[in-house]
Amino acid sequence: MTTEPTVRPDRPFFSSGPTSKFPGWSLDKLKTDALGRSHRSALGKERLKYAIDLSRELLGIPDDYLIGIVPGSDTGAVELAMWNMLGARPATVAAWESFGNVWIQDAAKQLKLDNLTTLDADYGEIPDLASIGKGDDIVFTWNGTTSGAKIPNTDWIADDREGVTINDATSAIFAQEMDWPKLDATTYSWQKVMGSEAAHGMLILSPRAVERIESYDPPWPLPKIFRVKKGGKLNTAIFEGATINTPSLLATEDYIASLEWAKSIGGRAELIARADRASGLVYDWIDKTDWVEAMVSDPAKRTNTGVCFKFTGDWYDGLDDEAKASVPKKIVKLCEERGVGYDFNGYRDAPPSLRIWCGSTVEAGDVAALLPWIEWAYAKVKEELS
């Protein structure tokens, strides 16, 4: 296709984080009464608690699980869980993309766990999770943000497990169902599936996770932003609207607005359906297009949020490595110059690829409108490099 398409996405925002705002978002939808007030004021804590309560309702989190707002986005939440809980038992950290490998490095080089097993796999694959023993603590990424590979199920987590599970769910939660009985510490950030502002993380703890934190004192120092115990017990105020450090009440209001939007359209079921519809369009297009292929070959392991695909075919395979790496960059540049698609290049550590965010705030119609522009841009790049 060498002629520019005529249909343009209404909302050309396809970044995998921060992701697109929800349809109809505007600043005037945010309540401002709490701005300029202390986060420890009655109003500040009320709004933080409201964000927690709405999260519980939309995600179907069990009543006996605790939900807290913590510093440092999803990274802070994952590392808070690791620093507080690991070291009591043997641990396995499983990774199949960039961020999971960060958790491996944390366990091996920062915490220096004595009894550590690491499982990793190439982009697009998932390691043999069934090999993990029920006595191990487990750290894993539900959905590989940078590879598009998700766990197909939680059958590999034993019902009678002795260890705890730490689940980095940031690019899955709200778009995929969580199996709460199998999860002890689950983390995510506001700027992923709900398209809200960054810097804040969510930490969801099961009763088993609470028991671990209260019964175990790790041998390493804990920075202030990781300290969740007070007098040897979990500081439950953190899970009732208090926070370890000062949160942004403006970002909190933005997150609340996204949760209220989600509730208004039908809640979690509709959020999942929206992601399924948008990602389904991309996978159908991949199947019909002979010069791309999904990063993840197994359909059961393909995400419905950050859909990753790479290039194939005689022309592309004949390019040198530098030219191959330039193809997705040039496609994105052409689309950005015309204002039809922003920020959908593959992750910097991934193989040369494109990654279209299809999470719940993205309209399927905008994804459908983007795909012909990618075809057009690919044809232009092919002309240039041939």
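The rules we used
- Residues numbered from 1 in each chain as written.
- Predicted model: local features only at pLDDT ≥ 70, side-chain atom pairs only at ≥ 80, totals over all residues.
- Heavy atoms only, no water.
- Pairing = 2+ DSSP bridges.
- Helix = DSSP H or I, 4+ residues; strand = E, 2+ residues; numbered from the N terminus.
- Axes fitted to C-alpha atoms, helices over the stretch in contact; angles between N-to-C directions.
- Contact = heavy atoms within 4.5 Å.
- Phe/Tyr/Trp six-rings, centres within 6.5 Å; stacked < 30°, edge-to-face > 60°.
- Buried < 20%, exposed > 50% of the residue type's maximum accessible area, 1.4 Å probe, protein only.

**Q** What should I look at first to understand the sheet that holds strand β10 (residues 292-294) in this one?
**A** Each strand in a sheet pairs with its neighbour through backbone hydrogen bonds, running either in the same direction (parallel) or in the opposite one (antiparallel). Taking strand neighbours across the sheet as the criterion, the 3 strands line up as β10-β11-β12 in an open arrangement whose pairing is antiparallel. The sheet terminates laterally at β10 and β12 (353-357), the two strands that pair on one side only. Each adjacent strand pair in this sheet contributes to an overall mean axis angle of 30 degrees, direction not counted. Bridging between β10 and strand β11 (residues 306-311) involves 3 bridges; their strand directions are antiparallel. Bridging from a neighbouring strand, Val292 pairs with Phe311 of β11. The strands touched by helix α8 (residues 321-337) are β11 and β12; relative to β12, the strand with the most contacts, the crossing angle is about 40 degrees. Taken strand by strand, helix α9 (residues 364-385) contacts β11 and β12, and its axis lies near 165 degrees from that of β12.

**Q** How should the packing of aromatic side chains be read in this particular structure?
**A** Between two aromatic rings, the relevant description is the distance of the centres plus the angle of the planes. Inspection of every chain in the model, using the stated rule, returns 17 aromatic pairs. Ring geometry for Trp291 and Phe311: centres 6.5 Å apart, planes at 5 degrees, overall stacked. Placement of the pair is Trp291 in the loop between α6 (268-288) and β10 and Phe311 in strand β11, with a sequence separation of 20 residues. Neither residue differs from the other here; Trp291 and Phe311 are each classed as buried. Look at Phe311 and Tyr378: their rings are 6.2 Å apart centre to centre, the planes differ by 5 degrees, and that puts the pair in the stacked class. Of the two residues, Phe311 is situated in strand β11 and Tyr378 in helix α9; the sequence distance between them amounts to 67 residues. This pair shows no difference in class: Phe311 is buried, exactly as Tyr378 is. Feature note: the residues Trp285, Trp291, Phe309, Phe311, Trp315, Tyr316 and Tyr378 constitute an aromatic cluster, connected by ring pairs.

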